[in-house]
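# Descriptive analysis of the structure
The chain contents come next:
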Amino acid sequence: MDNADLSTIWVYLSESPLAGLTITMIAYSLAYRLYIHANSHPLLNPVVTSVGMLILFLLVTDTSYDAYFEGGQFVHFLLGPATVALAVPLYQQFSKLRRLWLPVTIAMLTGVVIGGLSSVGIAALIGASPVTQMSLAPKSVT
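Before going into details, it helps to say that this report is about the structure given with it. Predicted model only: the values in this text are computed from it and were never measured. (Residues numbered from 1 in each chain as written. Predicted model: local features only at pLDDT ≥ 70, side-chain atom pairs only at ≥ 80, totals over all residues. Heavy atoms only, no water.)

Right, let's get into the packing of aromatic side chains. In the structure shown here, the tally under the stated rule is 4 aromatic pairs. A centroid spacing of 5.6 Å and a plane angle of 20° characterise the contact between Tyr-65 and Phe-69, whose relative ring orientation is stacked. You can see Tyr-65 and its partner Phe-69 sitting in helix H4 (residues 65–85), 4 residues apart, about one turn around the helix. Each member of the aromatic cluster is reached from another via a ring pair, and the members are Tyr-28, Tyr-32 and Tyr-35. (Phe/Tyr/Trp six-rings, centres within 6.5 Å; stacked < 30°, edge-to-face > 60°. Helix = DSSP H or I, 4+ residues; strand = E, 2+ residues; numbered from the N terminus.)

Laid out in C-alpha cells, this is it:
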C-alpha cells in the first residue's frame, strides 16, 4: 500500500463520525501499553500521553478539532457518568479517607490553589483578557 492509497483511505475515514472515536480508542490503547511497558511510570500517564498523541495526529493530518470531535464526543459524553461512578469506590474507602483527612485536605487545597493560579497565569502569559482569566479560575478548581 503506497501513500496515495493511505491518503485516499484517510479522506474517506475522516468524513465518518466514528473516526474520532476510533482514533481516540487507538491512541489510548497505545498510551496504556506504553505506560505498562514503562512499569507504570507517572510521567507516562495514559490519559496525558493519549491526548498528546491525538494533538500530534490532528496536526499531522490537518484535521480540524471540530471534525475530530464529531466522533470523539461519544467519549466526552461518557466522561460525566464515569466521574460520577467514581463515587462508589470512593464511598467504599470512606473509612480510610476519614483516617487520612489531614493529608487529603492539604492535597485538595494545594490542587485548588495551583490549579487556579496556573490557569490564570498561563492565560495572562498568552495575552487573554482579564475577563477570560477570571472565568478560568473557578473552572480550573472543579
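Next comes the rest of the account.
This brings us to the packing of helix H7 (residues 101–125) against helix H8 (residues 130–140). Viewed as axis vectors pointing N to C, H7 and H8 meet at an angle of 150°, and their least axial separation amounts to 8 Å. With respect to H8, the element H7 is oriented roughly antiparallel. The interaxial crossing formed by H7 with H8 has right-handed handedness. Contact residues: H7 offers Gly-115, Gly-116, Ser-119, Val-120, Ala-123 and Ala-124, while H8 offers Gln-133, Met-134, Leu-136, Ala-137 and Ser-140. (Axes fitted to C-alpha atoms, helices over the stretch in contact; angles between N-to-C directions. Parallel < 35°, antiparallel > 145°, perpendicular 65-115°, else oblique. Left-handed = near helix turned anticlockwise from the far one by under 90°. Contact = heavy atoms within 4.5 Å.)

All right, on to the nonpolar core then. Ala-19, Ile-23, Ala-27, Leu-54, Leu-58 and Tyr-68 form the largest nonpolar core, which has 6 residues in total. Elements represented by at least two residues in this core include exactly helix H2 (18–37) and helix H3 (46–61). Of all the elements, H2 adds the most residues to this core, at 3 residues. (Core = buried A, V, L, I, M, F, W, Y, C linked by side-chain atoms within 4.5 Å. Buried < 20%, exposed > 50% of the residue type's maximum accessible area, 1.4 Å probe, protein only.)

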